[in-house]
Structure formats: C-alpha cells, structure tokens
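Close look at the chain arrangement
Spelled out, the chains give:
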Amino acid sequence: MAAEESSQWLFTEEEVLSAPSIMDGLSPQEERCRRAKGVNFIIQAGILLKLPQLTLATAAVFFQRFYMRKSMVPEKMGVHHYNIAATALFLATKTEENCRKTKEIVIAVAKVAQKNASLIIDDQSKEYWRWRDSILLYEEIMLELLTFDVVLQSPYTILYDQLQKLQIEDNKPLRNVAWAFLNDSCLTTLSLRLPAKDIAIGAIYFAAKFLGDTIPDDENGHPWWELLGGEPGKIVRAVAVLSEFWSDNPLKRTENPYGESASSGDDLDRTRRRGSDGSSMAASSPD
C-alpha cells in the first residue's frame, strides 16, 4: 500500500505558479493549457492501449510532478509536454502492473501525436524510432526527477472506500459524477495541491452539489465530511481548482459543469442531511 503523500509533492498555489515553465516565460494560463494537453495525450494513447483509468491517472500524476522540477519550454532547455506524456504513460504501465509491450506503447503514442488512429506505424519507420528513443531517454530522467517515488495513493480507490463508509456506495449517479470529477482533476494541478484523500472527498462534495443530493450526518449529528476526516477549506478548494481550470477551457469543451458560482462553506453545508435517522433534508441557508 502506498504511504501518505510525501510533502515534497504537495505545493502551495504560489509554488505552482512558480513552476519552471512559468519562470521560463509561459503565462500561467498557457502552462495550464499545456499540462492539460499532455494529460489528454496520455488519455488518448491509453484508450488505444485499453488501459484502466487508474493507470492513466498514475501517469497523469507523474506528468504533473515532472513539470514541477523541469520546464516544458524547449527554447529554455525544457522538454515538450507530449514527450513527457508518452514517458509518463510508459512508466505508469510498469508501476501499476498493466504492462504493455514497448512496441505497442510506441505505436499508440505515435498515432496520437499524428492525430490519426488508423496510421500505419511499424518498427521500420522513422516515427517509430523517434518515439521509442524519446521514451527510453526520458524514462531515466523522469525517474531521477521523481526521486524514484512512484508508488502512489489513488483517489479512485479512496473514493470507493469513502462511499462505503458513508453507506452511499449504491448511489450510482453520485458515484458516477464523483468518478468524473476525479477524471477531470487529472487534467489539472489538483494532485499537486491536495492529498488523494482530500481530492476524493472533494469529488463526493462536487457530486452531491451537482446533483442537488444530500448525504446523511453520522449518528452523532456530525457532518459527513468529518466522518471521512475532511476539512471544509480543502474540500471547497478542490472544486475551486477545477472551476478555475475550466473557466479557461483549454480543451475547448462545449459544456462546463464547473461554470456555476464558486463553492463556499454554505454550499458544503447544503450537502448535509441532518438527523441521525436520515429522514430530514438539509436545512436551508439564509439568503
């Protein structure tokens, strides 16, 4: 089992805004955009390889962490985000024991890079060897920059444990929206700002808020997030990070589920269902 996240991989907002790429001249918006495109590259290649979401999420964390130690600006001796995306995916298939042949991974990332899933790539083509050499070169660099810290806590597995603890694991709509929140969070720097446990709690909060649902207090009348060890400030911040990210809409989505007004403590309180019998609805907050 992975240990609690090391403090070396948790950053303040100011530190995230001082990442090497930003210090090398990228605007915070452009840096967020390139991070999102890199993780989207991972997802698209992962789909071709039929990899589970957990493996893709691990690759996304490797990718996000790498760029807290290295620039993505080639003109400043940085590394292009697609090269690191491919390497992060390759490494994640090993650490998550979802191994694919190197050849299969190289072909998948080459197809995604060319935006052509039907492209014929084989080990006789220059494109194949360019990507293969890149992945193997940057794997060693990535491992060094990650200090070989490649065993992660996953908010996905924590989420399911939390839903069971709240006795709402059978609430399929809430579970699906919370899972979608975790998927979206991979595109952002949220994994650099909060531990996996708090991201999972934030996902439950967002799902309840999005669906207009409520979650019962515990038998002592304490709010659901206290049972999970959650802190209101961190829970609200998790949703705020995604709201800020999608306000830029770097992947040009047509719909933005985070487009409503920013979350607050009052919003969090509205997800409570007061009463130990679970029969009463959450109290209305004053206007």
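Residues numbered from 1 in each chain as written. Predicted model: local features only at pLDDT ≥ 70, side-chain atom pairs only at ≥ 80, totals over all residues. Heavy atoms only, no water.

**Brief notes about the UniProt feature "transmembrane region" (unreviewed entry) in the protein chain**
Per the UniProt annotation, the sites labelled "transmembrane region" (unreviewed entry) are residues 41-63. What you have in residues 41-63 is 87% helix and 0% strand, and the ends, taken at the C-alpha atoms, are 11 Å apart. (UniProt positions renumbered as here; feature names shortened; annotations may be inferred. Helix = DSSP H or I, 4+ residues; strand = E, 2+ residues; numbered from the N terminus.)

**Let's talk about empty space enclosed by the protein**
Taken as a whole and judged by the stated rule, the model has two cavities of 30 Å³ or more. Roughly 40 Å³ of volume is contained in the largest cavity. Together, Val16, Leu17, Ile22, Pro28, Glu31, Arg32, Thr189 and Arg193 line the largest cavity. Per-element accounting of the lining of the largest cavity gives the leading share, three residues, to helix H3 (residues 28-49). Across the lining of the largest cavity, the residue classes tally to four nonpolar, one polar and three charged. Approximately 30 Å³ is the volume attributed to the second largest cavity. Split by residue class, the lining of the second largest cavity holds two nonpolar, two polar and three charged. (1 Å grid on protein atoms, 1.4 Å probe; cavity = no way out; pocket = protein on both sides within 12 Å on 5 of 7 lines; lining within 4 Å. Points joined across faces, edges and corners; volume = space filled by probe spheres on them. Nonpolar A, V, L, I, M, F, W, Y, C, P; charged D, E, K, R; others polar.)

**Looking at helix H13 (residues 232-248)**
End to end, H13 covers 25 Å across 17 residues, agreeing with the expected 24 Å (1.5 Å per residue, within 8%). Listed as buried for H13 are Ile235, Val236, Ala238, Val239, Val241, Leu242, Ser243, Phe245 and Trp246. (Expected span 1.5 Å × (residues − 1). Buried < 20%, exposed > 50% of the residue type's maximum accessible area, 1.4 Å probe, protein only.)

**Remarks on the packing of aromatic side chains**
A complete count under the given rule lists nine aromatic pairs for this structure. Ring plane angle 75° and centroid distance 5.1 Å describe the contact between Phe63 and Tyr67, whose orientation is recorded as edge-to-face. Taken as a pair, Phe63 and Tyr67 share a single burial class, namely buried. Where Phe66 meets Tyr67, the ring centres are 5.2 Å apart and the plane angle is 85°; that geometry is what we call edge-to-face. Tyr67 carries the same exposure label as Phe66, and that label is buried. (Phe/Tyr/Trp six-rings, centres within 6.5 Å; stacked < 30°, edge-to-face > 60°.)

**Some thoughts on the confidence of the model for the protein chain**
When pLDDT is low, close inspection of the predicted coordinates is not appropriate. Mean pLDDT over the protein chain stands at 87; residues scoring 70 or higher make up 87%. Counting contacts from residues 276-287, a segment whose pLDDT is below 50, to residues more than four positions away or on other chains yields 19 contacts. (pLDDT = per-residue confidence, 0-100. Contact = heavy atoms within 4.5 Å.)

**With respect to the packing of helix H9 (residues 172-185) against helix H11 (residues 196-211)**
Between H9 and H11, the shortest axis-to-axis distance is 8 Å and the interhelical angle comes to 125°. Between H9 and H11, the interaxial angle falls into the category oblique. The two elements H9 and H11 cross, and the hand of that crossing is right-handed. Residue-level contacts link Pro173, Leu174, Val177, Ala178, Phe181, Leu182 and Ser185 of H9 to Ile199, Ala200, Gly202, Ala203, Ile204, Phe206, Ala207, Ala208, Phe210 and Leu211 of H11. Here the residues of the contact of H9 with H11 are counted per class, giving 15 nonpolar, two polar and no charged. (Axes fitted to C-alpha atoms, helices over the stretch in contact; angles between N-to-C directions. Parallel < 35°, antiparallel > 145°, perpendicular 65-115°, else oblique. Left-handed = near helix turned anticlockwise from the far one by under 90°.)

**Overview of unusual backbone geometry**
You will see that Thr147, though not glycine, has its phi angle at about 50°, which is positive. Tracing the backbone through its elements, the reader meets Thr147 in the loop between helix H7 (126-145) and helix H8 (155-165). For Thr147, a relative accessible area of 41% puts it in the partly exposed group. Positioned with a positive phi, Phe148 is a non-glycine residue whose angle comes to about 55°. For Phe148, the position within the fold is in the loop between H7 and H8. Since its relative accessible area comes to 58%, Phe148 is described here as exposed.

**Comments concerning the environment of Ile107**
Within the secondary structure layout, Ile107 lies in helix H6 (residues 102-113). Sequence separation of Ile107 and Asp122 is 15 residues, and the distance between their C-alpha atoms is 7.2 Å.

**Section: H3**
Since the α-helix turns once every 3.6 residues, residues separated by three or four places project in the same direction. Taking 1.5 Å as the rise per residue, H3 with 22 residues should run 32 Å; its terminal C-alpha atoms sit 32 Å apart, in good agreement. Positive phi shows up at Lys50, right after H3, with a value of about 55°.

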